[in-house]
Amino acid sequence: MGGPAVDGLRERVRGAVITPDDEGYEQARRVYNGTVDRRPAAVVRVANAGDVMAAVDFARETGLELAVRGGAHSAPGYGTCDGGLVIDFSDRHGVRIDPVGRTARCEGGVTWGDLNDAGYAFGLGVTGGIISTTGIAGLTLNGGFGHLARGLGLSCDNLVSADVVTADGRFRTVSEEQEPDLLWALRGGGGNFGVVTSFEYRLSPVKDVVAGPFVYELEHAAEVLRFYREYVREAPEELGIFPGFHVAPPLPFLPEDRVGDSFILLVPCWSGPPDRAEAVLAPLRDAAPVVAEGVDTVPYPAFAAAFDPLLPPGLRQYWKGAFATELTDAAIAAHTEHGPRVPTVHSAVHIYPINGACHRVPADATAFAHREATFATVILAAWTDPADDAADTAWVRGYYDALAPHSDEGGYIGFMDHDDQHRIEANYRGNYARLTELKRRYDPGNLFRLNQNIRP
């Protein structure tokens, strides 16, 4: 695509249209995952919803493949494409907090760091990701786990309205009163139904939290995981907590001679009354002998960004995920076999809890269907050297295969990689038929297919 076609697109949008002949193209085509190396024909840095409408129309009219980029964290690199058109929200980071109505209206390029910082000034927040550079768009459209999920529900549960451009180029505002079927689909249905130009969230009181890692030796991994599965069932819902396998980076509370060693962690985040924090966290010190403890009272946005330095953009990445209703002894055995082999300081295994408020939403109330699952495991390998591609990918696959017999059918859309398209129906379970029907209504030509794709 070049010449008159590009000129025609530029005439239709206010934002920049960046092509291979333009300065800045090399940066504009990059996404978060360093294994993804694609060359779109044009990247449209949208300035407003009108630009999105024009770009959608242009892609549909020309037959170009269309990618949509919010935070660009998609593991398979769905925020870019070869030879097609990219709608890029990189310049759209506006957040408006309504402290009286306790809502936030966010543009499509907003990250969780943006939203967390904006809400903190008012003592308000919402469930967001573990990495604050993640875009709100991808996380919310896939469901959305985070430190606050047990108390506040998933990110998608807190989505009250959205502005969407559908495949016909129409701008629609959806809510429970206005096109509720489309809102239902956006709450976990991924990017299959349109381009969301703004999100409106319900906010809850969130300010400072008592949070930080407890570090244990790997020899106690099974004890720690058994403690976690029991404790998280009855713990107050203001407690977010997950175990993780990590290679230790330099940390002020960790002995210098242990940097580079592998450990199992418990990572609590207490957002309840500060005077109750000690009683809630004390049992973690008895779960197993503690090597180090990094717990402190910190602003929620600071803790929500604590893992960011481990995952800078450009790392080579490969992901897998699984749900489990129970963390069985057999599953714990698989974790204790594969988790200690975490290959790099950038890699991790986390087992997020999705009970509490997440369980109080019926399975058919949103597109996200796994409402009986208690645990969501993510297995992430991230590395720098292409020579390690095969070994680090094999670690993820072997780990996932070992967990599969002890996991629920289907998995989390946000933890799927490029080779997981065959899992789509299982991922959506009993909601898949309704999602297919809505896909036929809103995107019969499957224009929005660069995603974990629901085919019309």
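Please refer to the structure higher up on the page.
Anyway, here's the lowdown on the structure attached to this text. No experiment lies behind these values; they were computed from the predicted model shown. (Residues numbered from 1 in each chain as written. Predicted model: local features only at pLDDT ≥ 70, side-chain atom pairs only at ≥ 80, totals over all residues. Heavy atoms only, no water.)

**Points about the overall build of the protein**
Then comes step 1: Broken down by element type, the protein carries 14 helices and 20 strands.
Then comes step 2: Against the compact-globule benchmark of 23 Å for 456 residues, the protein has a radius of gyration of 21 Å, which places it among compact chains.
Then comes step 3: Considered along the principal axes of its C-alpha atoms, the protein spans approximately 70 × 50 × 40 Å.
Then comes step 4: Carbon and sulfur atoms make up 51% of the accessible area of the protein, which amounts to about 16900 Å² in all. (Helix = DSSP H or I, 4+ residues; strand = E, 2+ residues; numbered from the N terminus. Rg over C-alpha atoms; globule rule 2.2 N^0.38 Å. Areas by Shrake-Rupley, 256 points an atom, 1.4 Å probe, with all protein chains shown as cover.)

**Examining the environment of Leu 447**
Then comes step 1: Positionally, Leu 447 belongs in the segment after helix H14 (432-442).
Then comes step 2: The spacing of Leu 447 and Ala 67 is 380 residues in sequence and 9.3 Å in space, taken between C-alpha atoms.
Then comes step 3: Non-local contacts of Leu 447, meaning those with residues more than four positions away in its chain, are made with Val 56, Ala 59, Arg 60, Leu 64, Leu 66 and Ala 167. (Contact = heavy atoms within 4.5 Å.)

**Looking at the pattern of salt bridges**
Then comes step 1: Across all of its chains, the model carries 36 salt bridges by this definition.
Then comes step 2: The salt bridge partner of Glu 278 is Arg 285, with a shortest N-O separation of 2.9 Å.
Then comes step 3: With a relative accessible area of 48%, Glu 278 lands in the partly exposed category.
Then comes step 4: Salt-bridge contacts for Asp 419 lead to Lys 320; the nearest nitrogen and oxygen are separated by 2.8 Å. Pair noted here: Asp 419 is in the loop between helix H12 (389-403) and helix H13 (424-428) and Lys 320 is in strand E18 (residues 316-324), with a separation of 99 residues, a long-range link.
Then comes step 5: Via salt bridges that share partners, Glu 26, Arg 29, Arg 30, Asp 37 and Arg 39 belong to a single interconnected network. (Salt bridge = Lys/Arg side-chain N within 4 Å of Asp/Glu carboxyl O. Buried < 20%, exposed > 50% of the residue type's maximum accessible area, 1.4 Å probe, protein only.)

**Notes on the sheet that holds strand E10 (residues 195-202)**
Then comes step 1: With antiparallel pairing, the five strands of this open sheet are ordered in space as E5-E6-E10-E8-E9. Every other strand in the sheet has two partners, leaving strand E5 (95-98) and strand E9 (171-175) as the edge strands with one partner each. Adjacent strand axes in the sheet meet at a mean angle of 15 degrees, parallel and antiparallel pairs treated alike.
Then comes step 2: Sheet topology note: the strand E8 (residues 159-165)/E10 ladder contains six bridges and is antiparallel. Bridge pairing in E10 links Ala 162 to Phe 199.
Then comes step 3: Sheet strands touched by helix H4 (residues 112-120): E5, strand E6 (103-107) and E10. Its angle to E5, the strand with the most contacts, is close to 35 degrees. (Pairing = 2+ DSSP bridges. Axes fitted to C-alpha atoms, helices over the stretch in contact; angles between N-to-C directions.)

**A few points about helix H9 (residues 277-286)**
An α-helix turns once every 3.6 residues. As a result, residues three or four positions apart point the same way.
Then comes step 1: Regarding H9, the residues found buried are Ala 277, Val 280, Leu 281 and Leu 284. When H9 is viewed along its axis, its buried side chains cluster within an angular range of 90 degrees and face the same direction. Exposed positions of H9 whose direction lies more than 90 degrees from the buried face are Ala 279 and Asp 286.
Then comes step 2: Residues of H9 that are buried in the fold lie against strand E12 (208-211), strand E13 (214-216), helix H8 (221-234), strand E14 (239-247), strand E15 (262-270) and strand E16 (290-293). (Arc of directions from axis to C-beta.)

**A look at the side chain of Lys 439**
Then comes step 1: Within the secondary structure, Lys 439 is located in helix H14.
Then comes step 2: Discounting chain neighbours no more than four positions away, the residues touching Lys 439 are Asn 192, Phe 193, Pro 444, Asn 446, Phe 448, Asn 453, Ile 454, Arg 455 and Pro 456.

**Quick word on the environment of Met 416**
Then comes step 1: The topology assignment puts Met 416 in the loop between H12 and H13.
Then comes step 2: Expressed as a C-alpha distance, the spacing of Met 416 and Ala 75, which sit 341 residues apart in the sequence, is 7.3 Å.
Then comes step 3: If we skip the residues at most four places from it in the chain, Met 416 touches Ala 75, Pro 76, Gly 321, Gly 411, Arg 423, Asn 427 and Gln 452.

**Focus: the sheet that holds strand E2 (residues 42-45)**
Then comes step 1: The strand order across the open sheet formed by four strands is E1-E2-E4-E3, and the pairing between neighbours is mixed. The outermost strands of the open sheet, each flanked by one partner alone, are strand E1 (16-18) and strand E3 (66-69). Neighbour-to-neighbour, the strand axes of this sheet turn through a mean angle of 20 degrees, independent of strand direction.
Then comes step 2: Judged from the four bridges that link them, E3 and strand E4 (residues 85-88) form a sheet pairing that is parallel.

**A closer look at the packing of aromatic side chains**
Then comes step 1: With the rule as written, the count across this model stands at 18 aromatic pairs.
Then comes step 2: Through successive ring pairs, a cluster of aromatic residues spans Phe 145, Phe 242, Phe 307, Trp 319, Phe 323, Tyr 352, Phe 368, Tyr 412 and Phe 415.
Then comes step 3: Note that Lys 207 overlies the ring of Tyr 120, its terminal NZ or CZ placed 4.0 Å from the centroid.
Then comes step 4: Across from the ring centre of Trp 184, 3.9 Å away, lies the NZ or CZ of Arg 434, which sits over that ring. (Phe/Tyr/Trp six-rings, centres within 6.5 Å; stacked < 30°, edge-to-face > 60°. Lys NZ or Arg CZ within 6 Å of the ring centre and 35° of its normal.)

**Details of H8**
Then comes step 1: Counted at 1.5 Å a residue, the expected span for H8 with its 14 residues is 20 Å, and the 21 Å between its end C-alpha atoms agrees.
Then comes step 2: Of all the residues in H8, the buried ones are Ala 221, Val 224, Leu 225, Phe 227, Tyr 228, Arg 229, Tyr 231 and Val 232. (Expected span 1.5 Å × (residues − 1).)

**Thoughts on unusual backbone geometry**
Then comes step 1: The phi torsion at Arg 102 lies on the positive side, around 55 degrees, for a residue other than glycine.
Then comes step 2: You can call Arg 102 partly exposed: its relative accessible area is 40%.
Then comes step 3: A positive phi angle, near 50 degrees, is found at Glu 179, a position not held by glycine.
Then comes step 4: Turning to its location among the elements, Glu 179 is positioned in the loop between E9 and helix H7 (180-186).
Then comes step 5: For Glu 179, a relative accessible area of 24% translates into the label partly exposed.

**Looking at the nonpolar core**
Then comes step 1: Counting residues in each nonpolar core, the largest one holds 76 residues, and the members touching the most others are Leu 115, Phe 145 and Tyr 201.
Then comes step 2: Top element by residues in this core is H7. It accounts for five residues. (Core = buried A, V, L, I, M, F, W, Y, C linked by side-chain atoms within 4.5 Å.)

**Some remarks on the packing of helix H11 (residues 329-338) against H12**
Then comes step 1: H12 packs onto H11 with a crossing angle of 165 degrees between their chain directions and a minimal axis gap of 9 Å. In this view, H11 runs roughly antiparallel relative to H12, as classed from their interaxial angle. Pair H11 / H12 crosses with right-handed handedness. Contacts between H11 and H12 involve Ala 331, Ala 334, His 335 and His 338 from the former and Trp 395, Gly 398, Tyr 399, Ala 402 and Leu 403 from the latter.
Then comes step 2: Its residues assigned to classes, the contact of H11 with H12 shows six nonpolar, three polar and no charged. (Parallel < 35°, antiparallel > 145°, perpendicular 65-115°, else oblique. Left-handed = near helix turned anticlockwise from the far one by under 90°. Nonpolar A, V, L, I, M, F, W, Y, C, P; charged D, E, K, R; others polar.)

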